[in-house]
Amino acid sequence: MVYKLTLTLLTFLLIAPVVSAQETVAASVEATVGDPPMIDSSLIPAPPSDIKAVDTDNDHGHSITVTWELSADDGSGMNNVLSYEVFRWVPFLMDELDTLRVELARVAAEIDSVGRLTGELKDERAVIWAAIDDMADQMPEAHRMYPEGGEWRLLGKVASGVATYDDTGGKDRKVSDFIPDFSDLYFRVEAVTSDSAIRAASGVAGPVQSYGQWFNTGRTPVFIAFMFFGIMTVFFVIKARRGAELYVRPLAGIEAVDDAIGRATEMGRPILYVLGLGTAADVATIASFTILGRVAKRVAEYQTELIVPTYDPIVMSVAQEVVKSSFSDAGRPEDYNEDIVYFVTQLQFAYVAAVNGTMLRELPATNVYMGKFFAESLLLAETGALAGSIQIAGTDEIAQIPFFIVACDFTLIGEELYAASAYLGREPVLLGSLKAQDYAKAAMILLAIVGVVAAQFEWNWFIELFHVVD
Amino acid sequence: MDFGTFLWTSLAAFLTLGTFSFLYKDNPFYKIAEHLVTGVATGYFLIILWHNGLVPNLFQRLEDGNWYLLWLDSSRPLYLIPAILGVMMWTRFSKTWSWVSRWPMALYIGISAGVAVPVEMSARVNKQLYATMVAIDWNNFFGHGGFNLLDTTSGLSQVLIFVGAMSALIYFFFSKAHTGVFGGVATFGIWVLMIGFGASFGFTVMARISLFINRLQFIDDNWVQNAFNTVREPNPNWSGWFQAVFWVIMVLFIGYAVKEFVDYRKRVRSQTA
């Protein structure tokens, strides 16, 4: 009860000055309108016609697209149209909402200045939030009152020759450009000349409601490509599970891994495995986990030392799990040590400094760099070469591949990194997806050739089938 | 420049020289720089994570709830789900319960991969394919001005780009042996890739050299010239101290170099003997 009373009181206190101010403004506008400036009516351009307002396609709502036919005096006739101004009818309730937002910002600033949320501020903010929600819920009703209880507001301008305008607002009720969904909105366009007083207004377009779409039809080509690839993958995975022999061409970089582990064992030196700077969600890092699993298994079998310094805490956790299960698979769970995989830091060059130091102090026989790498790639690979280690690298970062090619003994280029995990794992899911990728590439080559021919003969309908609109 | 600022600049110069000394070999100066930057970076990121991650994205979103109700009365109780998942990661400290931490990890990787698939498909497949479908400009086949191989808008460039892209794609076929004509096209593809990598390498190395020059300029402008007042107004109160700090650092490096030289001579003598 007390809460509702406070809400009502606050709403009243906040709204009363606004309503009063609006009345004052309305009176002054009336006074101005009552005494219009002298305008030469022969200079008034033809108004924009055929105005239409529709919900903007393929979005999350809160946006309307307004279109119109250009004024007859835009580019022809008197040719005196300079721009178009787009207006929306806005209920006064929107101003009240704005006042509440200002109040909310004041409370937020106070919270910031205090440094913490006190009980009093907490209550005040809760009351304002509730008032904003309450008002936003009333928006559809307020818009249905058109043309009573509101006025036309300028949204923006477009240059002459342009006949479309997107009125895109915010989704959050607490932001100032909030446009309510499922509310009747009305629009109007005015052709404006160099003298802003000389203008011509279109008719009114509306009511129109904004709403979000479930599907972005502009991305249909992505969906089709995804479905094609998905079906191919499922087909080849089933085929691999039934025992079909799926050929994967040898990858020199991966075949070298076993030799490199053997070399490290003979020399009695450790193997350094670097997962790069990617997160656990990056495809390259995920592929690297598979390769790490294979390396860790061999390391456990040969009882060689493994060092895995990591950059990301989540990557560290996943890598620990991978290495741990590899040691178990090799029948040596007791040899697993949590310190094999450790966290260094999340600053790029600090990480490089630490790993480089490790390289020169531990003198690993083999360095394996698999994952996502950035500017640190050459620094790591050069130091490894200086330490006399055999180096095997793989990344899908195109800009870093040259450095690995220069400084490493074997490099997996781009997609070879993903193929490596399938090649090593020999799991039906990975082999099936690899085979599906090849078919997808073949389809792309074919479509690209047909596309170039289509472009030559201007069969634009064919090319547009592949156009993705975000 | 006041003495305090000069001391900090001297520390920066010392760390810069210490890092460069790695080009010779691992040494105590590099170790100081390495451990300092690693430790500072870890501490720095801990605070960043707290202030830019946990506080705005979790604590501030739940703060309108009450702790004795476990924040379930908050206006955004859904944020408790990631909070619980985060806490589950802490079970890694227990050998008995560490399996629980696999759940948030699985969820994180699964969601991220799911989000990445359509984005990658759109950016790396569909949009690339669409951009490849371009008509060859026969009217400007050899480039503007008659014959200009450097004209990237010429029809010849378009043909080269198209053939290069397709043959590079063929190189990445894994389920077919690279033999015969197919192998020849794949070899051409890897040549195209290598040319691209060479250009990229040169471009990046130039950028790195400019970074190196920038660092040398820092040492010269901000440190050496301040120490000896060669450009700026002399600072009579502190100039002696400035030079003292400069020489202390230089003596450290020169002393280490002399020690290394003596050690080297000793090693050579013992090997000869």
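Residues numbered from 1 in each chain as written. Chains lettered and ligands numbered in written order. Predicted model: local features only at pLDDT ≥ 70, side-chain atom pairs only at ≥ 80, totals over all residues. Heavy atoms only, no water.

1. Things to note about the overall build of chain A
Alright, step 1. A tally of regular secondary structure across chain A gives 13 helices and 14 strands.
Alright, step 2. The globule rule puts the C-alpha radius of gyration for 470 residues at 23 Å, and the 33 Å found for chain A is more than 25% above it.
Alright, step 3. With the principal axes as the frame, chain A shows a C-alpha extent of 100 × 70 × 45 Å.
Alright, step 4. Looking at chain A as a whole, 50% of its 470 residues are labelled buried.
Alright, step 5. For chain A, contacts bridging at least 24 residues in sequence account for 73% of all contacts bridging at least 6.
Alright, step 6. Working note: accessible area of chain A is about 22,000 Å², and carbon and sulfur atoms make up 60% of it.
Alright, step 7. If you average the places of the 33 positive and of the 63 negative side-chain charges in chain A, the two averages end up 9 Å apart. (Helix = DSSP H or I, 4+ residues; strand = E, 2+ residues; numbered from the N terminus. Rg over C-alpha atoms; globule rule 2.2 N^0.38 Å. Buried < 20%, exposed > 50% of the residue type's maximum accessible area, 1.4 Å probe, protein only. Contact = heavy atoms within 4.5 Å. Areas by Shrake-Rupley, 256 points an atom, 1.4 Å probe, with all protein chains shown as cover. Lys, Arg positive; Asp, Glu negative; His and termini not counted. Charge placed at Lys NZ, Arg CZ, Asp CG, Glu CD.)

2. Some points on the domain arrangement of chain A
Alright, step 1. Under the domain assignment, chain A is made up of domain 1 (2–16 + 41–208), domain 2 (217–243 + 431–464) and domain 3 (252–426).
Alright, step 2. Its C-alpha centre places domain 1 of chain A at a distance of 56 Å from the equivalent point of domain 3 of chain A. (Domains from an automatic or database assignment.)

3. Structural notes on the nonpolar core
As a rule of thumb, nonpolar side chains are buried together in soluble globular proteins.
All names here are of chain A.
Alright, step 1. If you look at the biggest cluster of nonpolar residues, it comprises 80 residues, and the most contacted ones within it are I254, Y273, I291, L292, V295, L306 and V323.
Alright, step 2. If we skip the residues at most four places from it in the chain, L292 touches Y273, L275, L306, V308, A319, V322 and V323.
Alright, step 3. Membership of the second largest hydrophobic core comes to 19 residues, among which are L272, M359, Y369 and A393. (Core = buried A, V, L, I, M, F, W, Y, C linked by side-chain atoms within 4.5 Å.)

4. Here's the deal with the pairing of strand β12 (residues 366–372) of chain A
Residues and elements named next belong to chain A.
Alright, step 1. Most of β12 is tucked away: seven of the seven residues are buried.
Alright, step 2. In this sheet, β12 lies alongside strand β9 (residues 271–276) in parallel orientation, the contact comprising five bridges. Of the residues in β12, the one forming a bridge with L272 is N367.
Alright, step 3. Here six bridges tie β12 to strand β13 (residues 390–395), and the two strands are oriented parallel to one another. Opposite T366, over in β13, you have I390 as the bridge partner.
Alright, step 4. You can see the chain leave β12, run along helix α9 (residues 377–386) and come back into β13, and the turn it takes is right-handed. (Pairing = 2+ DSSP bridges. Right-handed = clockwise from strand over helix to strand, strands pointing away.)

5. Considering the interface of chain B and chain A
Alright, step 1. Between chain B and chain A, the residue contacts involve 60 residues of the former and 70 residues of the latter.
Alright, step 2. For the pair chain B and chain A, the two sides together bury roughly 6,000 Å², of which 68% comes from carbon and sulfur.
Alright, step 3. Run the count over chain B and chain A and you get four salt bridges.
Alright, step 4. Taken together, the connections running from chain B to chain A amount to 20 residue pairs in polar contact (both at pLDDT 80 or more).
Alright, step 5. Of all the elements in the fold, those that place two or more residues in the side of chain B that touches chain A are α2 (28–62), α4 (102–132), α5 (155–171) and α6 (180–228) of chain B. (Buried area = accessible area lost by both parts, 1.4 Å probe. Salt bridge = Lys/Arg side-chain N within 4 Å of Asp/Glu carboxyl O. Polar contact = N/O pair within 3.5 Å; in protein donor to acceptor, adjacent residues only side chain to side chain.)

6. Points about the pattern of salt bridges
Residues and elements named next belong to chain A.
Alright, step 1. Using the criterion set out here, one finds 27 salt bridges over all chains in the structure.
Alright, step 2. The residue E85 makes a salt bridge to R199 at a minimum N-O spacing of 2.9 Å. With E85 in strand β3 (residues 83–91) and R199 in strand β7 (residues 199–201), the pair connects residues that are 114 residues apart, well separated along the chain.
Alright, step 3. Look at E85 and you get buried, because its relative accessible area is 7%.
Alright, step 4. Across the salt bridge formed by E397 and K372, the nearest N and O atoms sit 3.1 Å from each other. Placement of the pair is E397 in the loop between β13 and α10 (401–407) and K372 in strand β12, with a sequence separation of 25 residues.

7. So, the sheet that holds strand β5 (residues 164–168) of chain A
Residue and element names in this part refer to chain A.
Alright, step 1. Here we have three strands laid out as an open sheet, ordered β1-β2-β5, and antiparallel in their pairing. Looking along the sheet, the strands with just one partner apiece sit at the ends: β1 (49–55) and β5. When the angles between neighbouring strand axes are averaged without regard to direction, this sheet yields 15 degrees.
Alright, step 2. Relative to strand β2 (residues 63–69), β1 is paired through five bridges, and the arrangement is antiparallel. Within β2, the position partnered with A53 by the bridge is V66. (Axes fitted to C-alpha atoms, helices over the stretch in contact; angles between N-to-C directions.)

8. Remarks on the sheet that holds strand β11 (residues 341–343) of chain A
Note: strands within a sheet are paired through backbone hydrogen bonds, in either parallel or antiparallel orientation.
All names here are of chain A.
Alright, step 1. Read across the open sheet, the six strands follow the order β11-β10-β9-β12-β13-β14; overall the sheet is parallel. Only two strands of the sheet have a single partner each, and these edge strands are β11 and β14 (410–413). Geometrically, the sheet is characterised by an average inter-axis angle of 15 degrees between neighbouring strands, direction not taken into account.
Alright, step 2. Running at roughly 165 degrees to β9, helix α6 (residues 283–302) makes contact with β9, β10 (306–310) and β12 of the sheet.
Alright, step 3. Contacting β9, β10 and β11, helix α7 (residues 313–329) crosses the sheet at an angle of about 170 degrees to β11.

9. Overview of the domain arrangement of chain B
Residues and elements named next belong to chain B.
Alright, step 1. Domain annotation of chain B identifies domain 1 (11–63), domain 2 (134–232) and domain 3 (236–273).
Alright, step 2. In this structure, domain 1 and domain 2 have C-alpha centres spaced 34 Å apart.
Alright, step 3. Of the residues lining the interface, five residues belong to domain 1; the matching set on domain 2 comes to five residues.
Alright, step 4. Three residues stand out in domain 1 for area buried against domain 2, namely A13, T16 and F20, and they jointly supply 72% of the buried area on that side.
Alright, step 5. Where domain 1 packs against domain 2, one counts zero salt bridges.
Alright, step 6. For the side of domain 1 that touches domain 2, a count of residues per class yields four nonpolar, one polar and no charged. (Nonpolar A, V, L, I, M, F, W, Y, C, P; charged D, E, K, R; others polar.)

10. Structural notes on the packing of α7 of chain A against α4 of chain B
Alright, step 1. Their axes nearest at 11 Å, the elements α7 of chain A and α4 of chain B cross at an angle of 115 degrees. In terms of orientation, α7 of chain A lies roughly perpendicular with respect to α4 of chain B. As α7 of chain A packs across α4 of chain B, the resulting crossing turns out to be left-handed. Packed against α7 of chain A, whose contacting residues are I314, S317, V318 and E321 of chain A, the element α4 of chain B presents R102, M105, Y108 and I109 of chain B at the interface. (Parallel < 35°, antiparallel > 145°, perpendicular 65-115°, else oblique. Left-handed = near helix turned anticlockwise from the far one by under 90°.)

11. Some thoughts on the layout of surface pockets
Alright, step 1. Its volume calculated, the second largest pocket comes out at about 1,900 Å³.
Alright, step 2. Looking at the second largest pocket, it is lined by 45 residues, and the ones nearest its centre are P313 and I314 of chain A together with G86, M89 and W90 of chain B.
Alright, step 3. When contributions to the lining of the second largest pocket are tallied by element, the ones reaching two or more residues are α7 of chain A together with α2, α3 (80–89) and α4 of chain B.
Alright, step 4. Looking at which element gives the most residues to the lining of the second largest pocket, the answer is α2 of chain B, with 12 residues.
Alright, step 5. The residue makeup of the lining of the second largest pocket, split by class, is 30 nonpolar, nine polar and six charged. (1 Å grid on protein atoms, 1.4 Å probe; cavity = no way out; pocket = protein on both sides within 12 Å on 5 of 7 lines; lining within 4 Å. Points joined across faces, edges and corners; volume = space filled by probe spheres on them.)

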